[in-house]
Amino acid sequence: MLGLPDSITTCLFDLDGVLTDTARVHRTAWKQMFDAYLESKDGKGFQPFTDDDYNKYVDGKPRQDGVRDFLASRDIHLPDGSPDDGGDAETVWGLGNRKNDKLQDEIERNGVEVYEGSRRYLQLAQEQGLRRIVVSSSANTEKVLEVTGLGQYVEGRVDGVTLAEQHIKGKPAPDSFLAGAKLVGAAPDQAVVFEDAVSGVAAGRAGGFGYVVGVDRVGHADALQQNGADIVVRDLSELIDQKG
């Protein structure tokens with residue numbers, strides 16, 4: 001009744017944009033940070049950070065990779081710095097931490113919205129005995145799962161903290177999803193990937209996973225399909241009561 005092939009035993013869920021509406025908050029925080037930085041360099045005539053920039057260079061990737069890839073697209077190259085750099089440091093890590101400060105402020109002020117179709121899907125997956133792992137590039141994953149109450153439906157997570165500690169490559173490399181499947185002893189072909197980012201569905205396809213579900217919240221269904229999604233839905237509720 002969950003719209004998955006019978007061979008699937010394990011669900012690997014991205015967080016932002018799949019389970020929660022934090023993708024919108026991330027997008028806003030990235031734009032605020034990059035626009036302020038670009039204006040400080042180029043003045044009022046700077047070329048703003050766009051939704052297309054977000055989708056191409058940032059969405060779904062570890063924070064420092066997003067900073068580095070976007071800046072390279074503008075022919076800007078900064079030193080990496082270190083994870084401890086403050087938000088005022090003109091380094092890759094400094095800009096990334098500046099963005100995260102904005103994100104944390106927004107979460108503290110307004111909380112996090114959960115997609116109710118996704119909450120219901122998680123509940124049903126739990127009831128049916130499917131394994132449930134969150135795989136996200138966000139270092140805020142644990143906090144968001146706690147704030148939203150979704151943590152009770154999740155068995156484990158591979159997140160931005162995990163990637164840094166274990167030196168796991170971020171999306172579009174499949175390594176983070178492979179690590180998620182490994183947490184519950186599942187082979188890739190036994191697992192389904194749920195992703196809203198182009199880099200995420202590409203990672204799902206590159207890893208040889210049994211099924212890749214693209215979640216289109218922003219009108220880029222074609223790009224999700226072209227990069228590896230087996231099916232694209234607007235909300236996980238569309239999969240409920242479908243045959244796999």
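Each chain has its residues counted from 1, running along the sequence as written. Whole-chain, interface and lining totals are the exception, using all residues; otherwise, since this is a predicted model, local features are given only for residues with pLDDT of at least 70 and side-chain atom pairs are given and counted only at 80 or more. Heavy atoms from the whole structure form the basis of all side-chain values; hydrogens and water molecules are not counted.

(A) Just the layout of surface pockets, in detail. With a 1 Å grid laid over protein atoms only, a set of points is called a cavity when a 1.4 Å probe fits there but cannot get out and a pocket when it is open yet has protein on both sides within 12 Å along at least five of seven lines; lining residues have an atom within 4 Å of a point. Grid points are joined across faces, edges and corners, and a volume is the space filled by probe spheres set on the points. In this structure, the largest pocket encloses a volume near 310 Å³. Contributing to the lining of the largest pocket are 16 residues, with Pro62, Gln64, Trp93, Gly160 and Ala164 lying nearest its centre. Under the DSSP-based scheme used, a helix requires at least four consecutive residues in state H or I and a strand at least two consecutive residues in state E, with every element numbered from the N terminus. Those elements giving two or more residues to the lining of the largest pocket turn out to be α3 (63–73) and α7 (160–166). Amino acids are sorted into nonpolar (Ala, Val, Leu, Ile, Met, Phe, Trp, Tyr, Cys and Pro), charged (Asp, Glu, Lys and Arg) and polar (every other residue, Gly among them). Considered class by class, the residues forming the lining of the largest pocket number seven nonpolar, four polar and five charged.

(B) Focus on the packing of helix α2 (residues 51–58) against α3. Only the contacting stretch of a helix is used when fitting its axis, a line to C-alpha atoms as for every element, and angles between N-to-C directions run 0 to 180 degrees. Put simply, α2 and α3 touch, their axes get as near as 9 Å, and they point 120 degrees apart. In terms of orientation, α2 lies oblique with respect to α3. α2 and α3 meet at a crossing whose hand is right-handed. Listed contacts from α3 to Asp53, Tyr57 and Val58 of α2 are Asp65, Gly66, Asp69, Phe70 and Ser73. Taken together, the residues of the contact of α2 with α3 break down into three nonpolar, two polar and three charged. An angle below 35 degrees is treated as roughly parallel, one above 145 as roughly antiparallel, one from 65 to 115 as roughly perpendicular, and anything else as oblique. For a crossing to be left-handed, the near helix must be turned anticlockwise from the far one by less than a right angle; the clockwise case is right-handed. By definition, residues are in contact when any of their heavy atoms lie within 4.5 Å.

(C) Just the packing of aromatic side chains, in detail. Between rings of Phe, Tyr and Trp, where Trp is taken as its six-membered ring, a pair exists when centres lie within 6.5 Å; planes separated by under 30 degrees are stacked, by over 60 edge-to-face, and by other angles tilted. Summed over the entire model, instances satisfying the criterion amount to nine aromatic pairs. On the basis of an interplanar angle of 35 degrees and a centroid distance of 5.0 Å, the ring pair of phenylalanine 34 and phenylalanine 49 is categorised as tilted. Here phenylalanine 34 is found in helix α1 (residues 22–42), whereas its partner phenylalanine 49 is found in the loop between α1 and α2, with 15 residues between them in sequence. For the pair phenylalanine 34 and phenylalanine 49, one class covers both residues: buried. Ring plane angle 55 degrees and centroid distance 6.4 Å describe the contact between tyrosine 57 and phenylalanine 70, whose orientation is recorded as tilted. Highlighted residues: tyrosine 57 in helix α2 and phenylalanine 70 in helix α3, separated in sequence by 13 residues. Residue classification places tyrosine 57 among the partly exposed residues on the basis of a relative accessible area of 24%. A network of ring pairs unites the aromatic residues Trp30, Phe34, Phe49, Tyr57 and Phe70 as a single cluster. Only protein chains enter the accessibility calculation, which uses a 1.4 Å probe. A residue is then buried if its area is under 20% of the maximum for its type, exposed if over 50%, and partly exposed in between.

(D) Broad picture of helix α8 (residues 175–183). For α8, the set of buried residues is Ser176, Phe177, Ala179, Gly180 and Ala181. Of the surrounding elements, those touching the buried residues of α8 are β1 (10–13), β2 (131–135), β3 (156–158), α7, β4 (191–195) and α9 (198–206). Following α8 by one or two positions, glycine 185 adopts a phi angle in the positive range, close to 70 degrees.

(E) How the structure looks around helix α5 (residues 116–127). Here the expected length of a helix is defined as 1.5 Å per residue gap, with one fewer gap than residues. Taking 1.5 Å of rise per residue, the 12 residues of α5 would be expected to cover 16 Å, and the 17 Å separating its terminal C-alpha atoms lies within 8% of that figure. Considered for burial, the residues of α5 that qualify are Gly117, Ser118, Arg119, Tyr121, Leu122, Leu124 and Ala125. Two residues or fewer after α5 comes glycine 129, characterised by a positive phi angle close to 85 degrees.

(F) Inspection of the environment of aspartate 85 at higher detail. Within the secondary structure layout, aspartate 85 lies in the loop between α3 and α4 (92–110). For the pair aspartate 85 and tyrosine 115, spaced 30 residues apart in the sequence, the C-alpha separation amounts to 34 Å. Aside from chain neighbours lying at most four places away, what touches aspartate 85 is Asp80, Thr91, Trp93, Gly94 and Asn97. Polar contacts, as used here, are pairs of N or O atoms within 3.5 Å; protein pairs need one atom able to donate a hydrogen and one able to accept it. Residues neighboring in sequence count only if both atoms are side-chain atoms. Reaching out from aspartate 85, the side chain makes a polar contact with the side chain of threonine 91 at a distance of 2.7 Å.

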